[in-house]
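Letter by letter, the chains look like this.
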Amino acid sequence: AKMEKRFTSAYEVLAHYTWAKGLGPDFDYFTIDPKLNYAVNDFNRKHAIVVTNFLELPFGRGKPWLGNASQTIDRLVAGWEISGATTWYSGLPFSPSYSSCGADRDTGPCRPNLVATVDIHPGNRNAYFTTTRGVPLAPHGEPGDTIGPWQRPAIATFGSAGRNSLRGPAFFQTDISVSKTLAITEGVSLQFRTDIFNLFNIVNLGVPETCVDCDNGGSITGTAGAQRMVMFGLRLQF
């Protein structure tokens, strides 16, 4: 869905919303059972909202403010533009795993059984989703084989927790640009530009550690995207 509006006061806004569900297989075990790992793609973000803005400041000759300014004043106040883009994405999918799958089988996906609801804790870097808190899952059929929503599968079987069945943290970022264009001659101009990426310096968390019974299971140690960056540019246009 798209919404676009251009105002008479030199302001424009464009908003996009996308709902997406891209499906596909994983090549792990594909030649034996192509349906086993068929799920949403690794890069799939279910929701995406992008809002862009553009504003030409109303200063200088022929504009509502300082329309009768002298040539010197006009060179200082005219030609300023502000543009920005705000992006919000829902989280990327990931697949839960467990620590002892190598002892249960020698190939195929390493996923536990899912026997209850998994709680998600947005913003919690140490426990983003429900895990066993470092307690290893015992072999299937033995005491302790089920801890919380997780269970170790039987020997030579694959867990019921599907590929990319959980989603990581959402992503939010606002970028802004301020530029000034100065006419030198009729066909030559000079543009000064300042770009600020991640204006509000938001810490966007990465995907958590997927192992449900490891010591660091559910913890987030990385970020998605960079922190605030400022870039200056000077461009001669002719």
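Up top is the structure these notes are about.
Residues numbered from 1 in each chain as written. Predicted model: local features only at pLDDT ≥ 70, side-chain atom pairs only at ≥ 80, totals over all residues. Heavy atoms only, no water.

Caption draft 1: Expanded view of unusual backbone geometry. The phi torsion at Asn198 lies on the positive side, around 55°, for a residue other than glycine. Unusually for a residue other than glycine, Asn201 sits at a positive phi of about 55°. Inspection of the secondary structure puts Asn201 in the loop between strand S13 (189–197) and strand S14 (229–237). (Helix = DSSP H or I, 4+ residues; strand = E, 2+ residues; numbered from the N terminus.)

Caption draft 2: Structural detail: the nonpolar core. Counting residues in each nonpolar core, the largest one holds 13 residues, and the members touching the most others are Phe129, Trp150, Leu166 and Val212. For Leu166, the contacting residues outside a window of four places in its chain are Leu92, Pro93, Phe94, Pro96, Val118, Phe129 and Trp150. (Core = buried A, V, L, I, M, F, W, Y, C linked by side-chain atoms within 4.5 Å. Buried < 20%, exposed > 50% of the residue type's maximum accessible area, 1.4 Å probe, protein only. Contact = heavy atoms within 4.5 Å.)

Caption draft 3: Representation of the side chain of Thr130 in the model. With respect to the helices, strands and loops of the structure, Thr130 is situated in the loop between strand S8 (113–114) and strand S9 (146–147). Separated by 3.1 Å, the side chain of Thr130 and the backbone nitrogen of Asp119 make a polar contact. (Polar contact = N/O pair within 3.5 Å; in protein donor to acceptor, adjacent residues only side chain to side chain.)

Caption draft 4: Fine view of the state of the cysteines. Scanning the entire structure with this criterion turns up two disulfides. Linked covalently through their sulfurs, Cys101 and Cys110 form a disulfide whose S-S length is 2.3 Å. Here the S-S torsion is close to -105°, and the disulfide linking Cys101 with Cys110 is therefore left-handed. A sulfur-sulfur distance of 2.0 Å marks the disulfide that ties Cys211 to Cys214. In this structure the cystine formed by Cys211 and Cys214 twists about its S-S bond by roughly 70°; its chirality is therefore right-handed. When the bonded cysteines of the protein chain are numbered from the N-terminus onward, they pair as 1-2, 3-4. (Disulfide = S-S within 2.5 Å.)

Caption draft 5: Spatial organisation of a nonpolar patch on the surface. A surface patch of nonpolar side chains, amounting to about 590 Å² of accessible area, comprises Tyr17, Trp19, Ile49, Trp88, Phe172 and Phe200. If you trace the backbone, Trp19 turns up in strand S2 (residues 11–19). (Patch = residues over 30% accessible without salt bridge, like charges linked within 9 Å, V, L, I, M, F, W, Y side chains within 5 Å. Areas by Shrake-Rupley, 256 points an atom, 1.4 Å probe, with all protein chains shown as cover. Salt bridge = Lys/Arg side-chain N within 4 Å of Asp/Glu carboxyl O.)

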